[in-house]
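# Tertiary structure, described
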Amino acid sequence: MSLLVVGLSHRSAPVSVLERAALAPENRGKLLQDVVSAEPATESAVLATCNRIELYADVDKFHAGVAELSTLLARHCGVGLEELTPHLYVHYEDRAVHHLFSVACGLDSMVVGEGQILGQIKDALAVAQEQHTAGRLLNDLFQQALRVGKRAHSETGIDKAGQSLVTFGLEQLAGGADVAGWARGKRALVIGAGSMSSLAATTLARNGVGELAVANRTVARAERLVQILTEPGGPGAGTGLAARAVEMDAVAAELAEAEIVVSCTGAAGLLLTGEQVTAALVGRTDRMWLLDLAMPRDVDAAVHGIDGARLVDIESLAEASATVPNQSTPSAGPMAADVDRVRGIVAEEVAAFGAAQRAAHITPTVVALRTMAADVVSSEMGRLEGRLPDLDDKQRAEITQTVRRVVDKLLHAPTVRVKQLASEPGGAGYADALRELFDLDPQTVAAVSRADTRADRPEAARERA
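For clarity, every value in this text was computed on a predicted model and none was experimentally measured.

## Description of the sheet that holds strand S3 (residues 52-59)
Ordered in space as S2-S3-S1-S4, the 4 strands form an open sheet in which the pairing is antiparallel. Unpaired on one side and paired on the other, strand S2 (41-49) and strand S4 (89-92) mark the two borders of the sheet. Taken pair by pair, the neighbouring strands of this sheet meet at an average axis angle of 15°, ignoring direction. In the sheet, strand S1 (residues 3-9) pairs with S3 via 7 bridges, with the strands oriented antiparallel. Counterpart to Leu4 in the pairing with S3 is Ala57. The sheet strands contacting helix H3 (residues 62-77) are S1, S3 and S4, and the helix crosses S1 at an angle near 35°. Of the strands in this sheet, S1, S2, S3 and S4 are in contact with helix H5 (residues 94-104), which crosses S4 at around 115°.

Next up, the structure:
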């Protein structure tokens, strides 16, 4: 395993850099293809959220891999490499696994313990599978990360301490007041119908907003979200919520009526300018609260200076999270025990994953050894038949079975033991030793590895199904 991670997040870069480096969803596939086309990498995946962008790859050369991944990340993000480099972090092999598992558990989130990251990791894996850039290593890694994250949330109370970014943002808008009391009866506008916007709409509905408009470029998605919110058993069904879907062209008109505005889209430019917000406030005596969860931003930063408007954006949330107890210092306070337990889970799972990968690394060599032994048995039985042509079928079968049992017994103990040794730290050299001792053809071992990799790919799994 030669897993490499190159990335930047709210912990390593200012929001201004993260915003400029944001990678549009439609550009992620091209980045993945360029990574696997580069010489050092054979697999790739990209994890892109509102506060991080990370490139994962299986590389055969560390320094060349770091240089290539950094260059490609800068090129596709549109930020100069010299400007981006000071904000990049690099993790390799077990440290890379530890990083992703920590991310999956919410330990590296802006809001510690939030569970939305699991959906984003799932999406990252799906994109890599669709692009056919995830092989055995990254499929195993991301699937295990999802399991580790779910385990952390089921075995500890970290999800009780950890809020969603939406909830945290609404609390900042409310200025310390109870969100339900603050939001109750207000008119709200949600721009976007993706996962974050859907969570925002659901949270607002549960907190009792009176009216809710959902604007989206694809109106059918907005209509579906409205249906979920208002159907029997939905979050707005018991509160008398009046919800409707609107065209994006109607945002300006809706803005003039909205008291709470939440925006989270993948738009490349601003959706709400300072001039639009100023115009929407003309003649109004009430305030407008805006929550911008998009990266790059949907709402003009100039709104921070407009009387009658309060804007909370990713930059505001980053600053707030640095001062909220149990966020910037999650090892202190009432959630310390849960965080420590999650860290223990991560350490345990990293060790298990490393052992499994090291054991898997030697499997092709063991298979090649047993294949060679079977070929030797077949060859010797052919020679025996030439010398003893009068053997009947029963005698030939008995001799063949005996020889095979002898070979299997001779190989059993060393192959089992070498797998055990290979799973331990520093055990990678046992595969090389086995190939050298038995003079195994490297091409044969490589052929087994390629066959295993093909069998792990999504299309092969579908064919087996």
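There's plenty left to go through after this.
## Here's the deal with unusual backbone geometry
In this structure, the amide linkage connecting Met295 to the following residue, Pro296, adopts the cis form with an omega of 5°. Looking at the element boundaries, Pro296 is found in the loop between strand S9 (288-292) and strand S10 (309-312).

## Quick word on the layout of surface pockets
Considered as a void within the structure, the largest pocket measures approximately 1100 Å³ in volume. Around the largest pocket sit 40 residues that line it, and Pro25, Arg28, Cys264, Thr265 and Gly266 are the ones nearest its centre. Mapped onto the lining of the largest pocket, the elements with two or more residues apiece are helix H1 (15-21), helix H2 (25-37), S2, S3, helix H6 (116-130) and helix H11 (195-206). Across the lining of the largest pocket, the residue classes tally to 24 nonpolar, 10 polar and 6 charged.

## So, the side chain of Asp108
Mapping Asp108 onto the fold places it in the loop between H5 and H6. For Asp108, the side chain forms a polar contact with the side chain of Arg11, separated by 2.9 Å. Not counting chain neighbours up to four residues away, the residues in contact with Asp108 comprise Ser9, His10, Arg11, Arg52, His99, Ser102 and Val103.

## Looking at empty space enclosed by the protein
Inspection of the entire model under this criterion finds 2 cavities of 30 Å³ or more. In this structure, the largest cavity encloses a volume near 130 Å³. What lines the largest cavity is a set of 13 residues, among which Cys50, Asn51, Glu114, Gln120 and Leu165 lie closest to the centre. With 3 residues, H6 is the single largest residue contributor to the lining of the largest cavity. The space that makes up the second largest cavity amounts to roughly 40 Å³. In this structure, the second largest cavity is lined by Val15, Glu19, Ala294, Met295, Arg297, Asp313, Ile314 and Glu315. When contributions to the lining of the second largest cavity are tallied by element, the ones reaching two or more residues are H1 and helix H15 (314-321). For the lining of the second largest cavity, the per-class residue count stands at 4 nonpolar, no polar and 4 charged.

## Describing the packing of aromatic side chains
Between two aromatic rings, the relevant description is the distance of the centres plus the angle of the planes. In total, this model carries 4 aromatic pairs according to the counting rule given. Where Tyr56 meets Phe142, the ring centres are 5.3 Å apart and the plane angle is 75°; that geometry is what we call edge-to-face. With Tyr56 in strand S3 and Phe142 in helix H7 (residues 136-155), this pair connects stretches of sequence that are 86 residues apart.

## With respect to the sheet that holds strand S7 (residues 242-246)
The parallel open sheet is built from 6 strands, whose spatial order is S7-S6-S5-S8-S9-S10. Strands at the two margins of the open sheet, each flanked by one partner only, are S7 and S10. Direction aside, neighbouring strands of the sheet carry axes that sit 15° apart on average. Bridge count between strand S8 (residues 260-263) and S9: 4 bridges; the pairing is parallel. Bridged to Ile260 within S9 is Trp289. Set on the sheet, H11 makes contact with strand S5 (187-191), strand S6 (211-215) and S8; between it and S5 the angle comes to about 165°.

## A closer look at the packing of H6 against H7
Direction vectors running N to C along H6 and H7 enclose 165°, while the axes themselves pass 10 Å from each other. Put simply, H6 runs roughly antiparallel to H7. Crossing geometry of H6 relative to H7 is assigned as left-handed. Residues Leu118, Ile121, Lys122, Ala124, Leu125 and Gln129 of H6 form the contact with H7, whose participating residues are Leu138, Asn139, Phe142, Gln143, Ala145, Leu146, Gly149, Lys150 and His153. A per-class count over the contact of H6 with H7 returns 8 nonpolar, 5 polar and 2 charged.

## Observations concerning the nonpolar core
In terms of nonpolar packing, the biggest core is built from 102 residues, with Leu8, Tyr56, Leu141, Phe142 and Leu293 touching the most fellow members. For this core, the element with the most residues is H7, which contributes 8 residues. If near-sequence neighbours (up to four positions away) are discounted, Leu141 is found in contact with Leu3, Tyr56, Val97, Leu100, Phe101 and Phe353. Ile191, Ala213, Val261 and Leu281 belong to the second-largest nonpolar core, a separate cluster that totals 23 residues.

## Some details on the packing of H7 against helix H16 (residues 336-387)
The geometry of H7 relative to H16 is characterised by a closest axis approach of 10 Å and an angle of 155° between their N-to-C directions. Classed by the angle they form, the pair H7 and H16 counts as roughly antiparallel. In the crossing of H7 with H16, the sense of the turn from one axis to the other is right-handed. On the side of H7, the interface is formed by Leu137, Asp140, Leu141, Gln144, Val148, Arg151, Ala152 and Glu155, while H16 contributes Arg341, Val342, Ile345, Glu348, Glu349, Phe353 and Gln357. Looking at the contact of H7 with H16, its residues break down into 7 nonpolar, 2 polar and 6 charged.

## Description of H2
Within H2 the residues assigned to the buried category are Arg28, Gly29, Leu31, Leu32, Asp34 and Val35. On its buried face, H2 sits against S2, S3, H3 and H6.

The rules behind the values
- Residues numbered from 1 in each chain as written.
- Predicted model: local features only at pLDDT ≥ 70, side-chain atom pairs only at ≥ 80, totals over all residues.
- Heavy atoms only, no water.
- Pairing = 2+ DSSP bridges.
- Helix = DSSP H or I, 4+ residues; strand = E, 2+ residues; numbered from the N terminus.
- Axes fitted to C-alpha atoms, helices over the stretch in contact; angles between N-to-C directions.
- Contact = heavy atoms within 4.5 Å.
- 1 Å grid on protein atoms, 1.4 Å probe; cavity = no way out; pocket = protein on both sides within 12 Å on 5 of 7 lines; lining within 4 Å.
- Points joined across faces, edges and corners; volume = space filled by probe spheres on them.
- Nonpolar A, V, L, I, M, F, W, Y, C, P; charged D, E, K, R; others polar.
- Polar contact = N/O pair within 3.5 Å; in protein donor to acceptor, adjacent residues only side chain to side chain.
- Phe/Tyr/Trp six-rings, centres within 6.5 Å; stacked < 30°, edge-to-face > 60°.
- Parallel < 35°, antiparallel > 145°, perpendicular 65-115°, else oblique.
- Left-handed = near helix turned anticlockwise from the far one by under 90°.
- Core = buried A, V, L, I, M, F, W, Y, C linked by side-chain atoms within 4.5 Å.
- Buried < 20%, exposed > 50% of the residue type's maximum accessible area, 1.4 Å probe, protein only.

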